[in-house]
Amino acid sequence: MTELVIKDLHVSVEDKEILKGLNLTIRSGERHALMGPNGNGKSTLLAAIMGNPKYTVTQGSIKLDGQDVLAMEVDERSKAGLFLGMQYPSEISGVTNSDFLRSCINARQEKPISLFKFIKEMDKAIQQLEMKPDLAHRFLNDGFSGGEKKRNEIVQMMMLKPSIAMLDEIDSGLDVDALKIVSEAINQCQKETDMGLLVVSHYARFYEYLHPTHAHVLVDGQIVVSGDQELIDKIDKEGYEWLETEYHVSARKEETKKRPTSIGLCGAKRG
Amino acid sequence: MEKVYEKEFNETIYFDQDEIATITIQKTGSLLMVLRKGISSLKLHLKLETDSQSKILLYNQSASTLSVDLEVEVKKDAKSKIGFLDMEESDVTFKQKAFLKESGADIKLMSAQLGQVDTSKLNDIEILHEAPHTFGYMENFSVLFDRAHYEMVANGNIQKGCYGSQSHQTTRVLTLGKDHKAQVIPLLLIDENDVKASHAQTIGQPDEEQLYYLKSRGLSQRQAMGLLSIGYLLPILELVSDEATKEKMREEMESKVGLYGHGKNS
């Protein structure tokens with residue numbers, strides 16, 4: 001049984017506090033849905049757990065089976081059993097998917113994985129996600145469509161077999177069919193590994209497939225209400241506004257970036 | 001040394017001492033030239049005859065200071081890719097000049113260099129277009145460690161009357177260490193209107209987002225940087241035809257950038 005315990009977590013980005021005392025516990029086999037208006041800290045929480053250097057933890061603790069996650073480097077967190085399926089996975093030209101994944105698997109075990117076992121497992125994951133068979137030989141996320149990138153995150157999750165997997169809007173960019181395929185793969189992976197899941201999504205349909213055991217709403221850096229499928233259904237129907245009156249919180253509005261004004265002319269002379 | 005390839009070929013040549021060589025290629029094939037211990041200077045004249053097609057890789061394993069002077073003549077409709085792979089912990093001076101003599105001549109010059117600690121890698125490359133409808137491409141990739149010194153002068157030179165020609169070049173330098181020095185001078189000397197030409201260059205440290213992504217999957221900083229470096233060096237192996245040799249060279253690459261070969265942990 002794995003247990004990820006987050007207590008009184010405060011996280012800042014560029015001196016701006018995003019998470020303001022967040023508490024959450026995730027155990028093996030559980031499926032937590034994390035919801036909330038944009039810009040209120042969902043992705044920040046996941047990134048802080050994984051150790052993204054852009055995010056600074058100013059207070060609180062994250063423990064994985066009693067181990068201090070905050071004292072670990074990013075790679076140590078991964079090797080300890082944490083996985084983050086990213087919203088915007090990096091594209092890395094020159095590194096093939098198979099080389100990358102073999103290196104990752106070998107980094108976490110004493111003996112290197114046999115080539116036969118590796119190919120078998122990768123083929124299985126690729127087939128389950130219904131991806132093109134040449135995935136293994138393509139450069140990591142390079143030239144992938146949005147949906148392919150997300151599926152590739154799940155391929156990696158299946159191969160790395162984490163004890164706690166966090167998925168950050170992994171359903172965005174997926175069409176209806178792909179959403180079902182990805183959900184089934186996640187369900188299958190959890191069945192095989194009994195991993196705990198923390199899933200960020202805005203879509204009730206994704207949660208319908210995943211059947212969360214827990215649901216939380218994050219507003220202005222704190223979890224203001226927790227519940228189960230009923231809570232997801234309510235938010236799907238009514239949105240987040242009722243929370244503001246019922247729980248006396250005010251959602252942080254996403255900042256809109258100012259666009260430069262176009263003067264409608266190009267300074268360069270056309271020859 | 002003089003050598004003429006009149007038939008299809010796939011050969012490895014070893015150089016163990018200083019050499020002045022002329023190689024003439026008349027047909028299709030690939031050539032691996034391994035510069036081993038004992039050589040400090042190679043002067044090579046390559047003649048790529050009409051309609052020939054070739055892939056040629058010079059692989060530095062000399063383990064000591066090396067100077068290479070390479071001249072390439074490219075005749076009508078001859079097509080060739082020529083590369084220089086150098087991962088040695090020793091200084092290198094590499095000069096290369098390709099003459100595109102007749103129309104349809106098409107050449108791609110590639111280099112992949114690992115600027116090991118305290119080494120100096122000085123390169124001067126030129127493709128001279130002497131006929132219309134000639135094509136020159138340069139792709140130079142390097143990865144630099146502490147106090148490495150890298151210079152790359154890459155010159156695409158299209159003479160007057162060489163209409164319909166193309167000259168393109170890319171230089172990418174990944175800096176991983178401290179106190180390194182990288183100087184990249186891309187040149188396009190063009191004396192004709194109806195041509196296409198481009199140059200691109202990047203010099204810089206690894207992308208923080210990419211490093212974070214790789215580390216989030218369990219790779220150490222060193223392994224992550226190693227994987228990113230491999231991305232710079234690997235493309236040149238397209239010039240090696242023999243799969244077993246390619247695999248061996250690739251393991252050598254992985255080891256040199258800190259990945260320690262397949263399946264081994266750092």
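Remember, it's a predicted structure, so these values are computed and weren't measured experimentally.

Participant: Which parts of the structure should I look at to understand the overall build of chain A?
Facilitator: When its secondary structure is counted, chain A shows nine helices and twelve strands. Here the C-alpha atoms of chain A give a radius of gyration of 20 Å, agreeing with the 18 Å that 2.2 N^0.38 yields for 271 residues. The principal-axis extents of the C-alpha atoms in chain A amount to approximately 70 × 60 × 40 Å. Every one of the 271 residues in chain A was classed for burial, and the buried ones make up 43%. Contacts in chain A between residues far apart in sequence, at least 24 positions, make up 71% of those at least 6 positions apart.

Participant: What should I look at first to understand the overall build of chain B in this one?
Facilitator: Scanning chain B from terminus to terminus reveals three helices and 16 strands. Relative to its length of 266 residues, chain B is compact, with a C-alpha radius of gyration of 19 Å against a globular reference of 18 Å. Each principal axis of the C-alpha atoms in chain B carries an extent, and together these give about 55 × 40 × 30 Å. Evaluated residue by residue, chain B yields a buried proportion of 45% over its 266 residues. Put simply, 72% of the contacts in chain B that link residues at least 6 apart link residues at least 24 apart.

Participant: What is the right way to look at the interface of chain B and chain A in this model?
Facilitator: By a widespread convention, an interface's size corresponds to the accessible area lost as its parts come together. Contacts between chain B and chain A engage 22 residues on the former and 23 residues on the latter. For the side of chain B that touches chain A, the secondary structure elements donating two or more residues are α1 (208-215) and α2 (221-233) of chain B.

Participant: Before we go on, may I ask you to explain the sheet that holds strand β3 (residues 31-35) of chain A in this structure?
Facilitator: Strand pairing in a sheet relies on backbone hydrogen bonds, with the paired strands running either antiparallel or parallel. Residues and elements named next belong to chain A. With mixed pairing, six strands are arranged side by side in an open sheet as β6-β9-β10-β3-β11-β12. Single-partner strands in this sheet number two, and they are β6 (82-85) and β12 (222-227). Along the sheet, successive strands turn relative to each other by an average axial angle of 20°, direction set aside. Relative to strand β10 (residues 196-200), β3 runs parallel, the two sharing four bridges. Note that in β10 the partner of Arg31 across the bridge is Leu197. Contacts from helix α5 (residues 146-160) reach β6 and β9 (164-168), with the element oriented near 165° to β6.

Participant: In this structure, what is going on with the UniProt feature "domain: SUF system FeS cluster assembly SufBD core" (unreviewed entry) in chain B? I would like to understand it.
Facilitator: Within this structure's numbering, the places UniProt gives as "domain: SUF system FeS cluster assembly SufBD core" (unreviewed entry) are residues 67-230 of chain B. Secondary structure within residues 67-230 of chain B divides into 11% helix and 59% strand; the distance between the first and last C-alpha atoms comes to 25 Å.

Participant: How should I be thinking about the confidence of the model for chain B in this particular structure?
Facilitator: Do not read the fine detail of predicted coordinates wherever pLDDT is low. Residue and element names in this part refer to chain B. Averaged over every residue, the pLDDT of chain B is 93; the share at 70 or more is 97%. Long-range and interchain partners of residues 261-266, a stretch whose pLDDT sits below 50, account for 16 contacts in this model, where long-range means more than four residues apart. The ipTM value of the predicted complex is 0.91, and its pTM value is 0.79.

Participant: For this particular structure, what's the right way to read the UniProt feature "domain: ABC transporter" (unreviewed entry) in chain A?
Facilitator: The UniProt feature table records "domain: ABC transporter" (unreviewed entry) at residues 4-245 of chain A. When the span residues 4-245 of chain A is considered, its composition is 40% helix and 29% strand, and the gap between its end C-alpha atoms is 31 Å.

Participant: Would you mind going over α5 of chain A with me for this structure?
Facilitator: Taking 1.5 Å per residue, 15 residues should reach 21 Å; α5 of chain A reaches 21 Å between its end C-alpha atoms and fits that length. Just downstream of α5 of chain A, Lys161 of chain A is the residue with a positive phi angle, here 50°.

Participant: I'm lost on the pairing of strand β5 (residues 41-48) of chain B in this one. Help?
Facilitator: Every regular strand shows the same layout, with side chains that alternate between the two sheet faces. All names here are of chain B. The alternating pattern of β5 places Leu42, Leu44, Leu46 and Leu48 on a buried face and Ser41, Lys43, His45 and Lys47 on a face that is not buried. The sheet contact formed by strand β3 (residues 19-25) and β5 spans seven bridges and is parallel. If you follow Ile25 over to β5, its bridge partner there is Leu48.

Participant: Help me understand the sheet that holds strand β5 (residues 67-68) of chain A, please; the structure alone is not making it clear to me.
Facilitator: All names here are of chain A. If you trace the four strands from one edge of the open sheet to the other, you get β2-β1-β4-β5, paired in antiparallel fashion. On the outer flanks of this sheet lie β2 (16-27) and β5, each paired with one strand and no other. As paired strands, strand β1 (residues 3-13) and strand β4 (residues 56-64) are joined by seven bridges and run antiparallel to one another. Counterpart to Lys7 in the pairing with β4 is Ser61. The sheet strands contacting helix α1 (residues 42-50) are β1, β2 and β4, and the helix crosses β2 at an angle near 70°.

Participant: Whenever I open this one, the packing of α2 of chain B against helix α3 (residues 243-257) of chain B confuses me. Can you help?
Facilitator: Each pair of packed helices gets described by two things: the angle between the helix axes and the distance between those axes. All names here are of chain B. Direction vectors running N to C along α2 and α3 enclose 135°, while the axes themselves pass 9 Å from each other. As far as their axial angle goes, α3 and α2 are oblique. Seen along the crossing, α2 lies across α3 with a hand that is right-handed. Here α2 contributes Gly226, Ser229, Ile230 and Leu233 to the contact with α3, which in turn contributes Met253, Glu254 and Val257.

Participant: Before we go on, may I ask you to explain unusual backbone geometry in this structure?
Facilitator: Glycine aside, residues mostly have negative phi, and peptide bonds are mostly found in the trans state. Residues and elements named next belong to chain B. At Ala63, a residue that is not glycine, the phi angle is positive and equals roughly 60°. Position of Ala63 relative to the elements: it lies in the loop between β6 (53-60) and β7 (66-74). Taking the C-beta count within 10 Å as the criterion, Ala63 has 14 such neighbours and is therefore assigned partly exposed. Here the phi dihedral of Asp77 falls at roughly 55°; this positive angle occurs in a residue that is not glycine. With respect to the helices and strands, Asp77 occurs in the loop between β7 and β8 (79-86).

Participant: Would you take a moment to explain the environment of Lys101 of chain B for this structure?
Facilitator: Residue position: Lys101 of chain B is located in the loop between β9 (92-100) and β10 (106-115). Lys101 of chain B gets classed as partly exposed once you count the C-beta atoms within 10 Å, which come to 19.

Participant: Would you mind going over the pairing of strand β13 (residues 149-158) of chain B with me for this structure?
Facilitator: Residue and element names in this part refer to chain B. Across ten bridges, the pairing between strand β11 (residues 120-129) and β13 is parallel. Within β13, the residue paired with Glu126 across the bridge is Asn155. When β13 meets strand β15 (residues 181-190), the two strands line up parallel, connected through ten bridges. Following the sheet pairing, Gly156 is matched in β15 by Leu188.

Rules behind the numbers
- Residues numbered from 1 in each chain as written.
- Chains lettered and ligands numbered in written order.
- Predicted model: local features only at pLDDT ≥ 70, side-chain atom pairs only at ≥ 80, totals over all residues.
- Helix = DSSP H or I, 4+ residues; strand = E, 2+ residues; numbered from the N terminus.
- Rg over C-alpha atoms; globule rule 2.2 N^0.38 Å.
- Buried ≥ 20, exposed ≤ 12 C-beta atoms within 10 Å, placed from the backbone.
- Contact = placed C-beta atoms within 7 Å.
- Pairing = 2+ DSSP bridges.
- Axes fitted to C-alpha atoms, helices over the stretch in contact; angles between N-to-C directions.
- UniProt positions renumbered as here; feature names shortened; annotations may be inferred.
- pLDDT = per-residue confidence, 0-100.
- Expected span 1.5 Å × (residues − 1).
- Parallel < 35°, antiparallel > 145°, perpendicular 65-115°, else oblique.
- Left-handed = near helix turned anticlockwise from the far one by under 90°.

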